[in-house]
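# Coordinates in review
Residues per chain are reported as follows:
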Amino acid sequence: MNRPPQSLHRALGLSDDEFAQIEAVLGREPNDLELALYGVMWSEHCSYKSSRLHLRRLPTTGEHVLVGPGENAGVIDAGDGIAVAIRIESHNHPSAIEPYQGAATGVGGILRDVFTMGARPLAVMDPLFFGELSDARQRWLVEGVVSGISGYGNSVGVPTIGGELTFDECYSGNPLVNVLCVGALPTERLVLGIASGVGNLAVLLGSRTGRDGIGGVSVLASAGFSGEEGALDDAKRPSVQVGDPYEEKRLIEACLELLDRGYVLGIQDLGGAGLVCATSETAARGGVGMDVDVTAVPQREPGMVPYEIMTSESQERMLAIITPENLEAVREVCERWEVRATVVGHVVEPLIDDDGNEVGMLRIRDGFDGEVLAEVPARSLADEAPLYDRTRERPSSLDAVLDDDPSNEPVGSTNEDLLSLLVDPGWVYRQYDSQLFLNTVVGPGRDAALLRLAGPGLPVSTRGIALSTDSNPRWCALDPRLGTALTIYESVANLACVGATAKAVVNCLNFGNPEHPSVMWQLSEAIDGMADACSALGLPVIGGNVSLYNESGGVDIDPTPVVGLLGVLDHLVAPPPGWNWRAGDALVLVGVRRAVGERSFPLGGSRWATRRGRRGGRLSEIEVSTLRATIDFVVGEVAGICAGMASDVTAVHDVSGGGIAAALAEMVAVTSVGAQVAELDDFAELFSEFPGRFIVATGDLDAFATRAAAAGVPMVSLGTCGGERLVIGSTVDLSVDDIAATRRGALEAALSALS
Amino acid sequence: MTRIAVVVFPGSNCEYDALTGVESLGADAELVWHSTKDLSGFDGVILPGGFAHGDYLRPGALARFSPVMDAVARFAEDGGAVLGICNGFQVLTEAGLLPGALQKNAGLKFLCQPTTLTVTSTDSILTANATLGQELVIPINHFSGAYVCDDETLARLEGSGQIILRYVENPNGSRGNIAGLANERGNVVGLMPHPERAMSTLLGSADGRVLLESFVAPRVRA
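In this report, we go over the structure that sits alongside the text. In this text the structure is predicted, and so the values were computed from the model without any measurement.

### Some details on the overall build of chain B
Scanning chain B from N- to C-terminus turns up 5 helices and 11 strands. By the compact-globule yardstick of 17 Å for 222 residues, chain B fits well, its C-alpha radius of gyration being 15 Å. The dimensions of chain B, computed from C-alpha atoms along their principal axes, are 40 × 35 × 35 Å. Out of the 222 residues belonging to chain B, those deemed buried represent 59%. Within chain B, contacts between residues separated by at least 24 positions form 75% of all contacts whose residues are at least 6 apart in sequence.

Encoded structure:
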C-alpha cells in the first residue's frame, strides 16, 4: 500500500479522470483491491464505455424477443414452446498470443453464456480472420485456432456447424477469432443472472481459481498490440486462460440438471473479469448486496491474494444463486457430475444512502465474519462505468480511395481469376464435429447452416432454425455504413437459401483503436448501417459484443462488423435443394440484376478487385423493396421443399463473394456437372458483389418464371446445366475437374506452402 | 420389446443420439450411469461416442476402470449384445473385450466426414441384417480412429470373419481398412463410424438403420 495511488490506477488501465470518479462514488480514496475491481469492470471490454452510446441506436425489440441485449444471451420465442438463445463474442487478443488456448477458451466462454440462460448449447459457429497465408506466422495461427476450436468444441460435445474464413493483410498483426453459440430451452425455463432473496447463497460451481487470465479483459482485450515481435506482447501470455473441455462438459450437465430441478434462482457465468464481474452483475440486477468470502474460493495454488482471486479468469466456473434449503440437493447433483460446489457469497440487504435510496454493496471479506477488504456499490462496478462520446472523424484520405474505382482494371485472364477466387473451407470444418445431436440438415460450407429444432428435454417440434455469420471488411473499409447494411442483407439472403425467415441479429463489432477518431467514425457509421438495414427488414438486434483495440503497431484493422443471423423454418421434414443441379436443368438469376447508383455492377470492394490489389472504389445501393420481395419469394420456394412439397427447383445458391462467376463455379464443383451460360451484359457482372441475387436451377423454367412473375420478382434466364465444362459466354471456359480440384486443394496448398 | 442400456460416462456426448437411434427402431432404451454394476434385464448395451473421463491419458484408458465395465464384461460373457460406437469402440479395446487398439488418425487431424463402408461379414449382432458386400454411407467423427493390431491378430480376425466393416477409401490409416469388428462369438462389436448419425435422409443418409436394426432385433443369446 506504499505505492502512490496515481501509478497503480494507471497500471490497472484506469485514467486519472476515472480515478477521480471512483473517489466520488466512494466518497473516499479506494484501497488497492477496490481499485483493481474497478480496473477490470471499467475496462473497455467489460463496460463498453466507448460504444454504449452508439449501440443505443440499434432496434432491439420485436414480438418474439424474450430477452434483448444486456443479458448473457439474447433469446427469441421460436414457437412450439421452444425458446432459442444466441450470443456472439470475440476472443481475438488471446488467440493472437496463444492460438490454441485462445480459441478453445473462446468456445468455452460462449457456451457458458448460453447455458446460463437455461438453454442447452446446440451449435457453435466460428468466423475467423487471418493475414495472408504466405506468412508462416499466419499458418501457425490458423493451425492453432482451428485445432483449439476442434479440440474444445468436439470434446465438450457441441457441434460446430459453420463460420467464415477470411484472409487479408489487415489481420496480420491482429487476427480475429469470433464465436457464436445457439442453444434452445423450453420457453418456461428461461433463467436470468439475477441475485435475489436476502439470506440466499451464491455458490461457485466448477474449476478451482488459479492465476491464469488475470487482467485478461484489461491488459489484453482493452489495449492494442505493439507489433514488435517478442516485445510486450509475449509478456501478455499469462493473461490468456487455459481451457478444460471435460470440466466444462460436466459443468454444463450439472447446471442444466440444477435448472431442470428448479434449484437455481439465478445463474451467471464467470468469464471476463471473473468473480468480481459475476458477483457485482448479479447483485446489481437484483438490487441487493452481496458478501463474498474470498477465502472460501477454492484455489489452484497457495498464496493467491484477494485481487487475484476476484479478477482471475480461470475457465469453467459458474455462480448460482440458491436458497439455503436447497444447498444439500445442489451439492448432491454436483457430486454426481464431479463438479465442485462451494458457497462463496451471501445475498444481503442493500444499504440505504443519505437520500434514502437502496444501494446494494459488494463486500469482499476475509471470512464471512472477517475483515471487510473492499466495499463498493455493486451497480457502480456493473453499470456505472464512464460513458465516452469519443471524437469521430471521417478520414479525409477516404475520398482518394473511393475515387480509385477498379472498373478501369484491365480484364486479364478471367479463367485464372475465377480459379484464384475458389476456396473450399473443408480442411477447416472436417476437423469440427458438425453432426452431434442429430440436428444438422445443412452443415458447414454452404450458404447457411440448417438445424432441426430438437434436443434433449425440448418439446417435440418439426421446426428448423437456420444460422449464418457474415461480414465484409472490404465493403466496410470503403463505406462502413452501407457496407454493414449490405452485410445484413447478404446474411438474410443466405438464410433464404435454406428456406428460413430471419428473426434476429447478433453482432460482433471488431474495430481498431477507439481513441483514433477515424475508428470511432467507422464504428458509429457501421452501427447506423446496421440500424438502417435491420429497421428496413423489421429485424431486432438481440445481443452483441464490441471488440476494440484491434490494431498492431498503430495500424487498425479494417472495420469488421460480423453479424450472426438466426432464422426459423416452420416445417422441416426434407432437406433444402442445396447446390446440386441436374444435367438439363435451366439456370436462372433471381433478384435485382443491377445495383442502384453510378455503377450497375460495382467492383469496388469485390474479391476480384482485391486480388488485383485494387482496394478502392464505391459501393452501390440496392433497392430494398425488390430485395425483400426476392428474399420472400426464395424463402417460400425453399420452405415448400423443406415441408415436403414437390418442386421443379433443384438448386439454390446466393450470389456473394466472387460474384456470379464464383457462385456458378462453386455449384459446378459440388455438383460435378457443368453449365453453359450465355454472355453477360457486362464483364463487371461476372465478379460484381451486391446482395439480393440468387442462382436457381429448375427443371421447369416456364413454371418457375410464372411463379416469379406472380411474386413480382425479377428473373433472367442464364443458360442450361450439363456437360463437363463451365462456359460463360466468351469469358469463362473451364473444365468441371479443374474447378473442383482447384477449389478443393486451395486451402491445403496455401497452408502447406513453405511450412 | 428389446431393452437397450446406453452407458453414460462423464464426458460421453453421443448418448442421446444413440438412445434416439434405437428408440426410433422401436427399442426400449434407457441411459445408465457409469457407476451401475448391474445390467440384468437388458438385451443389449451401447457404449456411445464422446470423450469418457475426458479421454485423459488416452481414449478409453480410464473408462475401462468405471464400475459399469465389469458388468459389461459379464453381460458379454453371458452372450448379451454389446455395441461400442467410436469412443465406445476405444473403451472396448482398452477393456480387452475386443482385440487391437485405436491410435491417432494418420493425418493427425480430427475428421468429421461421410465414409463409405463395405459389409465384410454378417456374423455379428450389428451386421446380421445386412448383406455381404453391401455399401453403406455412414459418417466418422474422431481423432483416434486408426485401428492397429499385430500380424497374428489380423490374420486371426481375417480368418474368422470378425472384420465386419471396412472403409472403401481409408480415411485414417486403419490397418486392413478396418472400420468395425466383432469378437469371436459376434456378440461384442465395435466400430468407429456412427450408425446413429445415419438414420434419416433428412440428415444425409439412412444407411445406419440396417446396422441398428440388426442390433435391436430380438434374438436368442449366443
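### Side note on the pattern of salt bridges
A side chain of one charge can pair with a side chain of the opposite charge if their charged atoms are brought near each other. Residues and elements named next belong to chain A. Considering all chains together, one arrives at 53 salt bridges over all chains under this definition. The residue Glu248 makes a salt bridge to Arg112 at a minimum N-O spacing of 2.7 Å. With Glu248 in helix α11 (residues 245–260) and Arg112 in helix α7 (residues 99–115), this residue pair connects regions lying 136 residues apart in the sequence. Across the pair Glu328 and Arg331 runs a salt bridge whose closest N-O atoms are separated by 3.5 Å. Highlighted residues: Glu328 and Arg331, both in helix α14 (residues 327–336), separated by 3 residues, approximately one helical turn. Within this structure, Asp404, Glu409, Asp417, Arg612 and Arg614 form a network of salt bridges that share partners.

### A short note on α14 of chain A
Residues and elements named next belong to chain A. Every buried residue of α14 is listed here: Leu327, Val330, Val333 and Cys334. Buried residues in α14, looked at end-on, bunch into an arc of 125 degrees, giving them a common side. Every exposed residue of α14 that faces more than 90 degrees away from the buried side is listed here: Glu332 and Glu335. In this fold, the buried residues of α14 make contact with β7 (201–206), α11, β10 (317–322) and β11 (341–348). Downstream of α14 by a residue or two, Glu338 has a phi angle that is positive, lying close to 55 degrees.

### Let's talk about the sheet that holds strand β5 (residues 160–167) of chain A
Residue and element names in this part refer to chain A. Overall, mixed pairing links the 6 strands, which are arranged β1-β2-β3-β6-β4-β5 in an open sheet. Since the sheet does not close on itself, it has two edges, and those belong to β1 (65–67) and β5, each with one partner. Across this sheet, the average inter-strand angle for adjacent strands is 20 degrees, counted without regard to direction. Two strands pair when backbone bridges link them, and strand β4 (residues 120–130) and strand β6 (residues 176–186) are joined in this way by 7 bridges, in the antiparallel orientation. Paired with Val124 across the bridge in β6 is Cys181. Along the sheet face, helix α8 (residues 136–156) touches β4, β5 and β6 and points at about 180 degrees away from the line of β4.

### A few points about the nonpolar core
Ranked by internal contacts, the top residues of the largest apolar core, which has 112 residues, are Ile488, Trp581, Leu587, Phe694, Ile695 and Leu726 of chain A. Top contributing element to this core by residue count: helix α21 (residues 517–537) of chain A, with 11 residues. In this structure, Ile695 of chain A is in contact with Leu587, Val588, Leu589, Ala651, Val652, His653, Val655, Ile660, Ala663, Leu664, Met667 and Leu718 of chain A, ignoring residues within four places of it in sequence. Judged by nonpolar contacts, the second largest core, of 66 residues, contains Val22, Val45, Val82 and Val91 of chain B.

### What to know about the interface of chain A and chain B
Each side of the interface is counted separately: chain A has 33 residues, and chain B has 26 residues. Together, the buried faces of chain A and chain B total about 2,500 Å²; carbon and sulfur atoms form 61% of this surface. The largest share of the area that chain A buries against chain B comes from Tyr246, Arg430 and Leu438 of chain A, three residues that together contribute 26% of it. The interface formed by chain A and chain B includes 2 salt bridges. Between Arg197 of chain B and Asp433 of chain A there is a salt bridge, with its nearest N and O atoms 3.0 Å apart. Our count for the chain A to chain B interface comes out at 9 residue pairs in polar contact (both at pLDDT 80 or more). For the side of chain A that touches chain B, the elements supplying multiple residues, two or more each, are α8, α11 and β16 (440–442) of chain A. Sorting elements by how many residues they give to the side of chain A that touches chain B places α8 of chain A first, with 5 residues. Tallied by class, the residues present in the side of chain A that touches chain B amount to 14 nonpolar, 9 polar and 10 charged.

### Re the packing of aromatic side chains
Tallied over the entire structure, the rule returns 10 aromatic pairs over all chains. A ring pair is formed by Tyr246 of chain A and Tyr56 of chain B, whose centres lie 5.4 Å apart and whose planes are at 80 degrees; its orientation type is edge-to-face. Pair noted here: Tyr246 of chain A is in helix α11 and Tyr56 of chain B is in the loop between β3 (44–47) and α2 (68–77), and the two residues belong to different chains. Tyr246 of chain A sits in the buried class, given a relative accessible area of 8%. Its relative accessible area of 38% is what places Tyr56 of chain B among the partly exposed residues. An aromatic cluster of at least three residues, connected via ring pairs, comprises Trp608, Phe683 and Phe687 of chain A. A cation over an aromatic ring shows up here: Arg336 of chain A above the ring of Trp33 of chain B, its NZ or CZ 4.5 Å from the ring centre. The ring of Phe42 of chain B carries the charged tip of Arg3 of chain B above its face, separated from the ring centre by 4.5 Å.

### Some words on the pairing of β4 of chain A
Sheet faces and side chains relate simply in a regular strand, where the side chains alternate between the two faces. All names here are of chain A. Counting buried residues along β4, 11 of its 11 residues qualify, which places the element largely inside the surrounding structure. Relative to β5, β4 runs parallel, the two sharing 7 bridges. Bridge assignment links Val124 to a residue of β5, and that residue is Thr160. In terms of handedness, the path from β4 via α8 over to β5 forms a crossover that is right-handed.

### Regarding the side chain of Glu257 of chain A
All names here are of chain A. Along the chain, the position of Glu257 falls in helix α11. Within the structure, Glu257 has its side chain in polar contact with the side chain of Arg261 (distance 2.9 Å). Setting aside anything within four residues of it in sequence, one finds Glu257 in contact with Val333, Arg336 and Trp337.

### Side note on the environment of Val216 of chain B
By the element assignment, Val216 of chain B lies in helix α5 (residues 209–216). Placed 191 residues apart in sequence, Val216 of chain B and Leu25 of chain B show a C-alpha to C-alpha distance of 7.7 Å.

### With respect to a nonpolar patch on the surface
There is a patch of nonpolar side chains on the surface, built from Tyr56, Leu57 and Leu62 of chain B and spanning about 310 Å² of accessible area. With respect to the helices and strands, Leu57 of chain B occurs in the loop between β3 and α2.

### Brief notes about the packing of helix α20 (residues 480–497) of chain A against α21 of chain A
All names here are of chain A. In the contact formed by α20 and α21, the axes pass within 7 Å of each other and the chain directions differ by 40 degrees. Taken together, the axes of α20 and α21 lie oblique to each other. You can see that α20 and α21 cross each other, and the crossing is right-handed. Of the residues in α21, those touching α20 at Pro480, Arg481, Thr484, Ala485, Ile488, Tyr489 and Val492 are Trp521, Gln522, Glu525, Ala526, Asp528, Gly529, Met530, Asp532, Ala533, Cys534, Ala536 and Leu537. Split by residue class, the contact of α20 with α21 holds 12 nonpolar, 3 polar and 4 charged.

### Some points on α20 of chain A
Helix length check: α20 of chain A, at 18 residues, gives a terminal C-alpha distance of 26 Å against a target of 26 Å (1.5 Å per residue), a fit within 8%. Of all 18 residues making up α20 of chain A, 17 are buried, and the element is well covered by its neighbours.

### Structural notes on the packing of α7 of chain A against α11 of chain A
Residue and element names in this part refer to chain A. With their axes 11 Å apart at the nearest point, α7 and α11 run at an angle of 5 degrees to one another. One way to sum up the angle between α7 and α11 is to call them roughly parallel. On the side of α7, the interface is formed by Gly108, Leu111, Arg112 and Phe115, while α11 contributes Glu248, Leu251, Ile252, Cys255, Leu256 and Leu259. When the residues that make up the contact of α7 with α11 are grouped by side-chain class, the tally is 7 nonpolar, 1 polar and 2 charged.

### Quick look at unusual backbone geometry
Residue and element names in this part refer to chain A. Although it is not a glycine, Asp80 adopts a positive phi angle of roughly 60 degrees. Inspection of the secondary structure assignment puts Asp80 in the loop between β2 (74–79) and β3 (82–90). With a phi angle near 55 degrees, Glu338 is a residue other than glycine that sits in the positive phi range. A relative accessible area of 40% means that Glu338 is categorised as partly exposed.

### Examining the sheet that holds strand β8 (residues 266–269) of chain A
All names here are of chain A. Strand order in the open sheet formed by 7 strands is β8-β10-β7-β11-β9-β14-β15, with mixed pairing between adjacent strands. Of all strands in the sheet, those with a lone pairing partner are β8 and β15 (372–377), marking the two edges. Direction aside, the axes of adjacent strands within the sheet are offset by 20 degrees on average. Here β8 runs beside β10; their pairing, made up of 4 bridges, is antiparallel. Among the inter-strand pairings, Gln268 is bridged to a residue of β10, identified as Leu319. Sheet strands touched by α11: β7, β8 and β10. Its angle to β7, the strand with the most contacts, is close to 145 degrees.

What counts as what
Residues numbered from 1 in each chain as written. Chains lettered and ligands numbered in written order. Predicted model: local features only at pLDDT ≥ 70, side-chain atom pairs only at ≥ 80, totals over all residues. Heavy atoms only, no water. Helix = DSSP H or I, 4+ residues; strand = E, 2+ residues; numbered from the N terminus. Rg over C-alpha atoms; globule rule 2.2 N^0.38 Å. Buried < 20%, exposed > 50% of the residue type's maximum accessible area, 1.4 Å probe, protein only. Contact = heavy atoms within 4.5 Å. Salt bridge = Lys/Arg side-chain N within 4 Å of Asp/Glu carboxyl O. Arc of directions from axis to C-beta. Pairing = 2+ DSSP bridges. Axes fitted to C-alpha atoms, helices over the stretch in contact; angles between N-to-C directions. Core = buried A, V, L, I, M, F, W, Y, C linked by side-chain atoms within 4.5 Å. Buried area = accessible area lost by both parts, 1.4 Å probe. Polar contact = N/O pair within 3.5 Å; in protein donor to acceptor, adjacent residues only side chain to side chain. Nonpolar A, V, L, I, M, F, W, Y, C, P; charged D, E, K, R; others polar. Phe/Tyr/Trp six-rings, centres within 6.5 Å; stacked < 30°, edge-to-face > 60°. Lys NZ or Arg CZ within 6 Å of the ring centre and 35° of its normal. Right-handed = clockwise from strand over helix to strand, strands pointing away. Patch = residues over 30% accessible without salt bridge, like charges linked within 9 Å, V, L, I, M, F, W, Y side chains within 5 Å. Areas by Shrake-Rupley, 256 points an atom, 1.4 Å probe, with all protein chains shown as cover. Parallel < 35°, antiparallel > 145°, perpendicular 65-115°, else oblique. Left-handed = near helix turned anticlockwise from the far one by under 90°. Expected span 1.5 Å × (residues − 1).

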